[in-house]
Amino acid sequence: MKQSLRSLLALVFVGAATSAMADITVGVTLSTTGPAASLGIPEKNTVALLPKEIGGQKVNYIVLDDATDPTAASKNARKLVSEDKVDVIIGGSITPSSTAVLEVAAESKTPQIALAPFAPAADKAAWVFIMPQDFAIMGGAIVDHMIANGVKSIGFIGYTDGYGELWLRVMKKITAEKGIKMTEVERFNRTDTSVTGQILKIMSTNPDAVLVVGSGTPAAMPQATLVERGYKGRIYQTHGVANKDFLRVGGKNVEGAILPVGPILVAEQLPDSNASKKVALNYIKLYEAAYGADSRNSFGAHAWDAGLLLQHAVPEALKKAKPGTAEFRSALRDAMENVKEMPADHGVFTFSPSNHKGLDKRAVVMVVVEKGTWKVLH
């Protein structure tokens with residue numbers, strides 16, 4: 001009798017342990033402090049809203065701050081895979097950090113869902129799925145608007161890091177193909193306090209338009225300097241500025257800025273036929289209920305889209321392996337790669353072995369900053 005009781009208790013203990021080990025663990029590294037905090041904070045806020053159970057399995061989220069430092073993002077990723085044994089990593093918030101995380105993700109064969117656009121190395125690309133729109137999609141939309149409005153020459157000022165470099169590469173290619181002259185290329189750092197010298201050089205070439213390539217609040221400074229120096233041409237920004245903090249910091253100086261954004265930012269202005277409208281309005285309702293009216297954020301929406309991807313992929317992966325194993329990580333990667341026509345905040349995702357970016361032109365809406373908010377351009 002005693003032996004039977006001991007055996008029963010042992011089975012209960014083992015069952016409980018197995019159940020605990022079956023939890024899905026999601027590691028997250030974000031820039032909740034530093035120059036990119038206006039991106040990382042809403043992403044962190046959104047992670048708190050993601051489902052705590054998927055496919056009948058409990059999901060645990062471990063969120064770390066990388067302070068907008070790619071080295072810290074790499075260390076966070078290393079901790080998440082080696083100590084916390086995560087099944088997937090979400091992050092980073094900026095291009096250099098996402099690039100750094102991929103080094104660890106690919107080495108450990110842990111799928112990564114990046115919240116910043118970047119160009120992964122070919123030998124590592126199989127392990128990363130990128131939520132934000134590809135530079136070519138957004139750059140193409142900007143150039144189409146330029147052509148439609150008679151722009152024949154542009155000046156360029158962008159970050160010195162990977163975000164700026166990739167945008168420059170894309171814009172040089174597209175503008176050359178479309179017959180638009182790039183008159184001057186200047187760079188700046190996220191932490192710079194002045195870009196007057198760079199702006200004066202650009203203005204001396206008298207371009208029809210200027211493209212500012214930055215993200216979050218630092219991108220307001222080049223536009224403010226252009227306005228203060230009397231520049232009268234069109235000013236374009238990238239989707240990296242699509243948050244309220246950019247509008248708050250830029251104030252009247254960013255009025256008239258033209259940029260491509262994801263559907264989430266202007267969901268109410270979209271027709272009901274837009275595939276993202278219903279999903280985006282649901283996210284907005286949840287986010288604003290938790291964080292206040294008009295608090296929606298394009299960057300937080302990337303994190304929500306990451307959650308949608310997991311909700312599609314995890315049930316499939318669970319059919320093949322248990323969480324906490326190399327087999328599950330591989331199955332999860334494969335399942336994400338097979339997601340098709342998934343409506344999300346920023347567009348409709350379809351992944352494949354040769355495409356881990358997933359979005360098409362349905363992910364772009366051109367807007368203008370008008371009276372302190374975003375207005376769809378028709």
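Residues numbered from 1 in each chain as written. Predicted model: local features only at pLDDT ≥ 70, side-chain atom pairs only at ≥ 80, totals over all residues. Heavy atoms only, no water.

## Comments concerning the overall build of the protein chain
Then, number 1: Helix and strand counts for the protein chain stand at 12 helices and 15 strands.
Then, number 2: Since a compact globule built from 378 residues should have a radius of gyration of about 21 Å, the 22 Å found for the protein chain is in line with a globular shape.
Then, number 3: Looking at the 378 residues of the protein chain, the share that counts as buried comes to 56%.
Then, number 4: In the protein chain, the proportion of contacts linking residues at least 24 apart, taken out of those at least 6 apart, comes to 67%.
Then, number 5: Within the structure as shown, the protein chain displays about 15,800 Å² of accessible surface, and the carbon and sulfur contribution to it stands at 55%.
Then, number 6: If you average the places of the 41 positive and of the 37 negative side-chain charges in the protein chain, the two averages end up 1 Å apart. (Helix = DSSP H or I, 4+ residues; strand = E, 2+ residues; numbered from the N terminus. Rg over C-alpha atoms; globule rule 2.2 N^0.38 Å. Buried < 20%, exposed > 50% of the residue type's maximum accessible area, 1.4 Å probe, protein only. Contact = heavy atoms within 4.5 Å. Areas by Shrake-Rupley, 256 points an atom, 1.4 Å probe, with all protein chains shown as cover. Lys, Arg positive; Asp, Glu negative; His and termini not counted. Charge placed at Lys NZ, Arg CZ, Asp CG, Glu CD.)

## Let's talk about the confidence of the model for the protein chain
Then, number 1: Looking at the protein chain as a whole, its pLDDT mean stands at 94, while 94% of the residues score no less than 70.
Then, number 2: Counted against residues more than four places away or in other chains, residues 8-21, with its pLDDT under 50, gives 2 contacts. (pLDDT = per-residue confidence, 0-100.)

## Quick look at the packing of aromatic side chains
Then, number 1: Tallied over the entire structure, the rule returns 9 aromatic pairs.
Then, number 2: Aromatic pair Tyr-159 and Phe-188: ring centres 5.0 Å apart, planes at 55°, arrangement tilted. Of this pair, Tyr-159 sits in strand β7 (residues 153-159) while Phe-188 sits in strand β8 (residues 181-188), and the two are 29 residues apart along the sequence.
Then, number 3: The exposure class of Phe-188 is buried, given its relative accessible area of 1%.
Then, number 4: Seen from their ring centres, Tyr-283 and Trp-304 are 5.4 Å apart, and the 40° between their planes marks the pair as tilted. With Tyr-283 in helix α10 (residues 277-291) and Trp-304 in helix α11 (residues 298-318), this pair connects stretches of sequence that are 21 residues apart.
Then, number 5: A residue is classified by how much of its surface remains accessible, and Tyr-283, at 0% relative accessible area, is buried.
Then, number 6: By way of ring pairs, the aromatic residues Phe-135, Tyr-159, Tyr-163, Trp-167 and Phe-188 are connected into one cluster. (Phe/Tyr/Trp six-rings, centres within 6.5 Å; stacked < 30°, edge-to-face > 60°.)

## A look at the sheet that holds strand β2 (residues 53-54)
Then, number 1: Ordered in space as β2-β3-β1-β4-β5-β6, the 6 strands form an open sheet in which the pairing is mixed. With one partner strand each, in any of the chains shown, β2 and β6 (128-130) form the two edges of the open sheet.
Then, number 2: Bridge count between β2 and strand β3 (residues 57-65): 2 bridges; the pairing is antiparallel. What sits directly across from Ile-54, in β3, is Gln-57.
Then, number 3: Sheet contacts for helix α12 (residues 326-337): β1 (24-30), β4 (88-90), β5 (112-114) and β6; angle to β6, the most-contacted strand, approximately 35°. (Pairing = 2+ DSSP bridges. Axes fitted to C-alpha atoms, helices over the stretch in contact; angles between N-to-C directions.)

## Section: α10
Then, number 1: In this model, α10 (15 residues) spans 20 Å end to end at C-alpha, consistent with the 21 Å of a helix rising 1.5 Å per residue.
Then, number 2: Of the residues making up α10, those classed as buried are Lys-277, Val-279, Ala-280, Tyr-283, Ile-284 and Tyr-287. Projection of α10 onto a plane perpendicular to its axis shows the buried side chains occupying an angular sector of 155°, all on one side. For α10, the exposed residues set more than 90 degrees away from the buried face come down to Lys-278, Lys-285 and Ala-289.
Then, number 3: Where α10 is buried, its residues touch α2 (37-47), α11 and β12 (342-344).
Then, number 4: Gly-292 occupies a position one or two residues after α10 and carries a positive phi of about 110°. (Expected span 1.5 Å × (residues − 1). Arc of directions from axis to C-beta.)

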